[in-house]
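Chain residues, written in single-letter form:
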Amino acid sequence: MSNSKLRKVDSENRAFKSEWEHDYFFILNKDHKPQCLVCFQVLAVLKEYNLKRHYMTNHKQKFGKHSCESRKVVCDQLKKKLFQQKSLFTNETKQQEEALLASYFVTYELMKAKKALSDGELIKNCAIKMAEAFNENKVGNKFQTVPLSKQTVTRRLEDISNQISNNVKDIIANCSYFSIALDESTDVSDTNQLLIFVRAIKEDFTIFEELLKVCSLHSTTRVTDGAKSMTGTISGFVGFLRQNQITVPTLHCIIHQEALCAKSIKLSTTMATVTKITNLIRGGNRSLTHRKFLTLLEEMDSAYGDLLLHTEVRWLSRGKCLVRFFELRHEIATFLREEVTNSAELQNDLEDVEFLRNLAFLTDITQHLNVLNLQLQGKKQTICQMVGFVDSFRKKLHLFKSALDKNNLLHFPCCRKLSEEEEEEGLEFRDYTEIIEDLSSEFDRRFNDFESFRPDISLFSNPIHCDIESQPGHLQLELCELQCDPSLNTSQVTGIDFWKLLSPERYPLLRNWALKLCSVFASTYICETAFSSLKHVKSKNRNRLSDVVLSHILRVATSQLEVDFISLVSSFMKPQCSH
């Protein structure tokens, strides 16, 4: 059959013959198509009849007078001209591709830094000036060709964002399990922004946390503001899921729960006084008062150079503000007495032992809570790690209560420092055990959602020594093999790294179970970091961004995926090349 086909091609003159170069001024181009050396036209079908007809119709009148050697000379000249033009076109194309690639690079870096779309022109001008400073005029000329107008940067941003979005969709389609995290906040233009992140895990336990969707809610929302908008069982997001018969495990963010526990401490009056004094010194339009205070701190050679303002929305703000206030309490008292009129009541508070005791205890316990909060922050943490941090703090609370029962201030440095300042017997702090008990109860109540995960967390953390009979039936046989596997018994790795060691062929059920557990979003920390980016991206000076552009910027700014810039350039150049 193949021989007959070859004969048919030969009989139809479909194989290019070298003499056609001189007879009809045609060559075979890189796409194996006949191309005219005179007018550069490419014919679709490789047949001598087509080549001859093209030559006779278009070029015979001009080149028919040449014969033999003269036709060869003309043919060589035409070939040289064609190759020179192709080389010029190739160089121009290469320069365009380089300028386009540079344009994508700059756009990507701008978005990662949350800078304005119009900053591209500024970067371009700076690059040109730097080239001039180094006397690199050729480099400067290349910088001139890089398109970085606001409109161009916006288009480049869209290309990058779409590639990331497509990659995220591919990850979700090919992952073992995934979960989503949702959180809502209001931007500078009073628009509710709902962020949806996805956490996907592949078979090799590689975890991806990427922005899935930004929903700008311009109309009236169906849920209340705050945590209840997500977790409310009636009007919240969880309630809507249940009303639509969608049954999935849902969790309230661990970090939010911890922050709510911290707010439950019954010393709000003390915190209010601290805030009032701080605002009196450096809040609002008190620049003169603030400068005087700074001068006083410098004269007294204080350990800290200023007070810190308390911001309710910042998780660690309360603790930092309290530490600074406690350490500067003597300087503050002196300043109020010497510089601030009508502050007698506040001066009395700073000299009142009861207030100082409350301040010291609140500072210490808030600092312990801040340590927990910092442990819970971070991306790609497993629910097992985060619940472990919470359990550790619960144990600390029992330790704190036991210590305070004996007035042991080992774990309360501010209380100890205040007590040591008393010349005789020191101060009593036993009465604060009730606050510790209340805080412990609040942790038990708020973290009740995670108790359903307790058996899984225990197995994940210690599969080698777990009680097999108390584990799910479908995992028991593989657990028997795992606990008797010498290579796993001697392994020093723990957590997710341990589960990576399990052979998919020998432990398919255990690996699948571990993958499912590791896919769980235990906090909305990634949403909170994105909201911080949102405040930089959409500020009072940049509040006219469209919803689409805002979504593109946040996707690029928050993504951890690598961008294939070469592919973007190739996709952009293809239409031009084909044209």
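This structure is a prediction, so every number in the text was calculated from the model and none was measured.

### Focus: the overall build of the protein
Logical step 1: Scanning the protein from N- to C-terminus turns up 28 helices and five strands.
Logical step 2: For a compact globule of 579 residues, the expected C-alpha radius of gyration is about 25 Å, and the protein comes in at 36 Å, more than 25% above that figure.
Logical step 3: With respect to the three principal axes, the spread of C-alpha positions in the protein is 125 × 70 × 50 Å.
Logical step 4: With 579 residues in all, the protein has 43% of them scored as buried.
Logical step 5: Relative to all contacts within the protein whose residues are 6 or more apart in sequence, the contacts with residues 24 or more apart total 65%.
Logical step 6: Surface summary for the protein: the accessible area is close to 32,600 Å², and the carbon and sulfur share equals 51%.

### What to know about the UniProt feature "domain: SPIN-DOC-like zinc-finger" (unreviewed entry) in the protein
Logical step 1: Under the UniProt annotation, the feature "domain: SPIN-DOC-like zinc-finger" (unreviewed entry) is placed at residues 18–63.
Logical step 2: Secondary structure over residues 18–63 splits into 43% helix and 13% strand, and the C-alpha atoms at its two ends are 18 Å apart.

### Here we look at the environment of Val198
Logical step 1: Mapped onto the elements, Val198 comes out in strand S4 (residues 192–201).
Logical step 2: A C-alpha to C-alpha distance of 43 Å links Val198 and Lys129, two positions 69 residues apart in sequence.
Logical step 3: Those residues in contact with Val198 that sit more than four places away from it in its chain are Val168, Ile172, Phe178, Ser179, Ile180, Phe208, Glu209, Glu210, Leu212 and Phe521.

### So, helix H11 (residues 254–263)
Logical step 1: Of all 10 residues that make up H11, eight are buried, and the element is covered over most of its length.
Logical step 2: Along H11, the positions that sit buried rather than exposed are Ile254, Ile255, His256, Gln257, Glu258, Ala259, Cys261 and Ala262.

### Focus on a nonpolar patch on the surface
Logical step 1: A cluster of nonpolar side chains, contributed by Phe178, Ile180 and Leu212, occupies part of the molecular surface with about 250 Å² of accessible area.
Logical step 2: Among the secondary structure elements, Ile180 is positioned in strand S3 (residues 177–186).

### Description of the nonpolar core
Logical step 1: Ranked by size, the top nonpolar core spans 88 residues in total, and within it Ile254, Ile332, Phe361, Ile383, Phe443, Phe460 and Trp499 carry the most contacts.
Logical step 2: With 10 residues, helix H17 (residues 353–376) is the single largest residue contributor to this core.
Logical step 3: Setting aside its immediate chain neighbours within four residues, Ile332 contacts Ile277, Ile281, Phe293, Leu307, Phe325 and Leu350.
Logical step 4: Formed by 44 residues, the second largest nonpolar core is a distinct cluster that contains Val106, Phe208, Leu554 and Leu568.

### Remarks on the packing of helix H22 (residues 473–483) against helix H25 (residues 508–518)
A pair of packed helices can be characterised by two numbers: the angle between their axes and the separation between those axes.
Logical step 1: Close contact between H22 and H25 brings their axes to 8 Å; oriented N to C, the two are set at 110 degrees. It follows from the interaxial angle that H22 and H25 lie roughly perpendicular. On the side of H22, the interface is formed by His474, Leu475, Glu478, Leu479 and Leu482, while H25 contributes Pro508, Leu509, Leu510 and Trp513.
Logical step 2: Residues that form the contact of H22 with H25 fall into these classes: seven nonpolar, one polar and one charged.

### So, the packing of helix H18 (residues 383–405) against helix H20 (residues 433–446)
Logical step 1: Across the interface, H18 lies against H20 with an axial gap of 9 Å and an inter-helix angle of 160 degrees. As far as their axial angle goes, H20 and H18 are roughly antiparallel. The way H18 lies across H20 gives a crossing that is left-handed. Within the contact between the two elements, H18 uses Val390, Phe393, Arg394, Leu397, His398, Phe400, Lys401, Leu404 and Asp405 and H20 uses Thr433, Ile436, Glu437, Leu439, Ser440, Phe443 and Asp444.
Logical step 2: Among the residues forming the contact of H18 with H20, the class breakdown is eight nonpolar, three polar and five charged.

### Details of the UniProt feature "domain: HAT C-terminal dimerisation" (unreviewed entry) in the protein
Logical step 1: The positions that UniProt labels "domain: HAT C-terminal dimerisation" (unreviewed entry) are, in the present scheme, residues 493–548.
Logical step 2: Secondary structure across residues 493–548 divides into 55% helix and 0% strand, with the first and last C-alpha atoms of the span separated by 45 Å.

### Looking at the domain arrangement of the protein
A common way to express how large an interface is: the accessible area buried when the components associate.
Logical step 1: When the domains of the protein are assigned, the result is domain 1 (81–148), domain 2 (155–253 + 523–564), domain 3 (261–430) and domain 4 (462–519).
Logical step 2: Opposite the 12 residues of domain 1 that make contact, domain 2 presents 17 residues.
Logical step 3: Overall, the association of domain 1 and domain 2 removes approximately 1,200 Å² of surface from exposure, summing both partners, and the carbon and sulfur fraction of that is 67%.
Logical step 4: It is Tyr104, Met111 and Lys114 in domain 1 that bury the most area against domain 2; as a group they hold 45% of the surface buried on that side.
Logical step 5: Counting across the interface, domain 1 meets domain 2 through zero salt bridges.
Logical step 6: At the boundary of domain 1 with domain 2, the tally comes to six residue pairs in polar contact (both at pLDDT 80 or more).
Logical step 7: Residues that form the side of domain 1 that touches domain 2 fall into these classes: seven nonpolar, two polar and three charged.

### Some details on unusual backbone geometry
Logical step 1: With phi around 60 degrees, Phe25 is a residue other than glycine that occupies positive phi space.
Logical step 2: Take Phe25: it is sitting in the loop between helix H2 (20–24) and strand S1 (26–28).
Logical step 3: Phi is positive for Phe40, which is not a glycine, with a value near 70 degrees.
Logical step 4: Tracing the chain through its elements places Phe40 in the loop between strand S2 (34–36) and helix H3 (48–58).
Logical step 5: Accessibility expressed as a relative area gives 24% for Phe40, which makes it partly exposed.

The rules behind the values
- All residue numbers refer to position in the chain's written sequence, counted from 1.
- In view of the model being predicted, local features appear only for residues whose pLDDT reaches at least 70, and side-chain atom pairs are presented and counted only at 80 or more, with totals across whole chains, interfaces and linings using the full set of residues.
- The side-chain quantities take in all heavy atoms of the structure and omit both hydrogens and water.
- Here a strand is any run of E in DSSP of at least two residues, a helix any run of H or I of at least four, and the numbering for each starts at the N terminus.
- Only C-alpha atoms enter the radius of gyration, while the globule expectation follows 2.2 Å times N to the 0.38, with N the number of residues.
- Partly exposed describes any residue whose relative accessible area lies between the buried limit of under 20% and the exposed limit of over 50%, with all areas from a 1.4 Å probe on protein chains only and scaled to the type maximum.
- Any two residues having at least one pair of non-hydrogen atoms within 4.5 Å are treated as being in contact.
- In this description, accessible areas are obtained by the Shrake-Rupley approach with a 1.4 Å probe, and a residue is regarded as covered only by the protein chains that are shown.
- UniProt positions are given in the numbering used here, feature names are shortened, and annotations may be inferred rather than shown by experiment.
- Patches were defined on residues exceeding 30% relative accessible area and lacking a salt bridge, with like-charge contacts within 9 Å and nonpolar side-chain contacts (Val, Leu, Ile, Met, Phe, Trp, Tyr) within 5 Å.
- Between Lys or Arg on one side and Asp or Glu on the other, a salt bridge is scored when a side-chain nitrogen of the former is within 4 Å of a carboxyl oxygen of the latter.
- Nine residue types can take part in a nonpolar core, namely buried Ala, Val, Leu, Ile, Met, Phe, Trp, Tyr and Cys, and a core is a set of them joined through side-chain atoms within 4.5 Å.
- The convention used is that axes are lines fitted to C-alpha atoms, helices contributing only their stretch in contact, and that angles between N-to-C directions extend from 0 to 180 degrees.
- Put simply, angles under 35 degrees are roughly parallel, angles over 145 are roughly antiparallel, angles from 65 to 115 are roughly perpendicular, and the rest are oblique.
- All amino acids are sorted into three groups, where Ala, Val, Leu, Ile, Met, Phe, Trp, Tyr, Cys and Pro are nonpolar, Asp, Glu, Lys and Arg are charged, and the leftover types, Gly among them, are polar.
- Handedness of a crossing follows from how the near helix is turned relative to the far one, being left-handed for an anticlockwise turn of less than a right angle and right-handed for a clockwise one.
- Boundaries of every domain are those given by an automatic assignment or by a domain database.
- Put simply, buried area is the surface a 1.4 Å probe can reach on two separate parts but cannot reach once they are joined, added for both.
- Polar contact is the term for a pair of N or O atoms within 3.5 Å; when the atoms are in protein, one must be able to donate a hydrogen and the other to accept it, and sequence-neighboring residues count only if both atoms are side-chain atoms.

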